[in-house]
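Residue-level listing of the chains:
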Amino acid sequence: MHEPASIIYEHAVDPFLARAALDKLRARARDALGGAAAAAIGGGVLLVAGQAAVGLAATAGALAGGVVCLYARADRSALIARLVRQRSAYEIADVRRAAAVLVTPVTRTKMAAVIGRLVLEADGFEPSGAALAPCYSRIREYRDEFIAVAFHLARPASKVHPTAVALLDRLLTHATMSPLFNERLPATQVRVALHRAQLAIN
């Protein structure tokens, strides 16, 4: 049986191809929005002019264009979120801007608080959640590493690379690909993830 996919072994995306895909999705969203606006205006004019059948068809086209625009924007946002996890994509301006949000003092403090809370829950000092019960043994196993990462995240003097926060977010939230939650993945992958995050924090 093959080992499940893991956040530890995610493949990198070619930055050149990623940039082209982002540009294509931006153009698709822009064109769809422009077409939807034109169809909506045309449909409104036709409805006022008494051309109900054609006007309704144009209105339906406007709705379709709006849906295409929303899907294109969602796909673009998802790709940027994926690219934030690899340093080689930071040459793309949109990726850099999205990454910068991950290392604001507020975001770092929140991430550190989440990690601290999980450690306290795993040790029985805070009420535990049934959904998180499977991960508590792995948190206890690597308690020192979790505490160290949380400390350095919250420390104002630390220089935190966005990839560290992106990786920790995946570790703490991705139920199927995180070795913290998926017991089919080796527990040692938790240590690997924490070690990688620590290396991205100075």
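Heads up: the structure comes first, above all this text.
Residues numbered from 1 in each chain as written. Predicted model: local features only at pLDDT ≥ 70, side-chain atom pairs only at ≥ 80, totals over all residues. Heavy atoms only, no water.

Asker: Honestly, the overall build of the protein in this entry has me stumped. Any pointers?
Answerer: When helices and strands are tallied, the protein shows eight helices and zero strands. Secondary structure elements of the protein, listed N to C terminal, follow the sequence α-α-α-α-α-α-α-α. Against the globule reference of 17 Å for 202 residues, the protein gives a C-alpha radius of gyration of 23 Å, more extended than a compact globule. Taking all 202 residues of the protein together, 38% fall into the buried category. Relative to all contacts within the protein whose residues are 6 or more apart in sequence, the contacts with residues 24 or more apart total 67%. For the protein, the exposed area adds up to about 11,300 Å²; of that, 65% sits on carbon and sulfur atoms. Here the protein holds 24 positive side-chain charges and 16 negative ones, and the gap between their average locations is 6 Å. (Helix = DSSP H or I, 4+ residues; strand = E, 2+ residues; numbered from the N terminus. Rg over C-alpha atoms; globule rule 2.2 N^0.38 Å. Buried < 20%, exposed > 50% of the residue type's maximum accessible area, 1.4 Å probe, protein only. Contact = heavy atoms within 4.5 Å. Areas by Shrake-Rupley, 256 points an atom, 1.4 Å probe, with all protein chains shown as cover. Lys, Arg positive; Asp, Glu negative; His and termini not counted. Charge placed at Lys NZ, Arg CZ, Asp CG, Glu CD.)

Asker: Sorry if this is basic, but what is going on with the pattern of salt bridges here?
Answerer: Pairs can form between side chains of opposite charge whenever their charged atoms are close. Per the counting criterion, the structure on display carries eleven salt bridges. Of the charged contacts in the structure, one is a salt bridge between Arg143 and Asp123, with a shortest N-O distance of 2.6 Å. You can see Arg143 sitting in helix 6 (residues 143–154) and its partner Asp123 sitting in the loop between helix 4 (105–122) and helix 5 (133–141), a full 20 residues away along the chain. Judged by its relative accessible area of 28%, Asp123 falls in the partly exposed class. One salt bridge connects Glu145 with Arg191, and the closest N-O pair in it is separated by 3.3 Å. Taken together, the positions of Glu145 in helix 6 and Arg191 in helix 8 (residues 188–199) put the pair 46 residues apart, joining distant regions of the chain. Residues participating in the shared-partner salt-bridge network are Asp23, Arg26, Arg76, Asp94 and Arg97. (Salt bridge = Lys/Arg side-chain N within 4 Å of Asp/Glu carboxyl O.)

Asker: Help me understand the layout of surface pockets in this model?
Answerer: Left-over empty space is what a probe sized like a water molecule reveals as it rolls over the atoms. Reported here for the largest pocket is a volume of approximately 400 Å³. Taken together, 19 residues form the lining of the largest pocket, with Arg85, Gln86, Thr163, Leu167 and Arg196 sitting closest to its centre. Listing elements by their share of the lining of the largest pocket, those giving two or more residues are helix 7 (162–173) and helix 8. In terms of residue count, helix 7 provides more of the lining of the largest pocket than any other element does, five residues in total. Among the residues forming the lining of the largest pocket, the class breakdown is nine nonpolar, four polar and six charged. Considering only enclosed or pocket space, the second largest pocket measures out at about 250 Å³ in volume. (1 Å grid on protein atoms, 1.4 Å probe; cavity = no way out; pocket = protein on both sides within 12 Å on 5 of 7 lines; lining within 4 Å. Points joined across faces, edges and corners; volume = space filled by probe spheres on them. Nonpolar A, V, L, I, M, F, W, Y, C, P; charged D, E, K, R; others polar.)

Asker: I keep staring at the environment of Ile201 and nothing clicks. Help me out?
Answerer: Tracing the sequence through the fold places Ile201 in the segment after helix 8. Each residue touching Ile201, except ones within four places of it in the same chain, is listed here: His152, Leu153, Ser158, Lys159, Val160 and Ala164.

Asker: Help me out: how do you make sense of the side chain of Ser6 in this one?
Answerer: Mapped onto the elements of the fold, Ser6 is located in the segment before helix 1 (15–48). With relative accessibility at 4%, the residue Ser6 sits in the buried group. In this structure the side chain of Ser6 is engaged in a polar contact, spanning 3.1 Å, whose partner is the backbone nitrogen of Ile8. (Polar contact = N/O pair within 3.5 Å; in protein donor to acceptor, adjacent residues only side chain to side chain.)

Asker: How do you make sense of helix 2 (residues 52–83) when you look at a structure like this?
Answerer: Side chains of residues three or four places apart in an α-helix project in the same direction, reflecting 3.6 residues per turn. Compared with the 46 Å implied by 1.5 Å per residue over 32 residues, the 46 Å span of helix 2 between its first and last C-alpha is a close match. Taken residue by residue, helix 2 has Gly55, Ala58, Ala62, Gly65, Cys69, Ala72, Arg76, Leu79, Ile80, Arg82 and Leu83 as its buried positions. On the buried face of helix 2, the contacting elements are helix 1 and helix 3 (93–102). (Expected span 1.5 Å × (residues − 1).)

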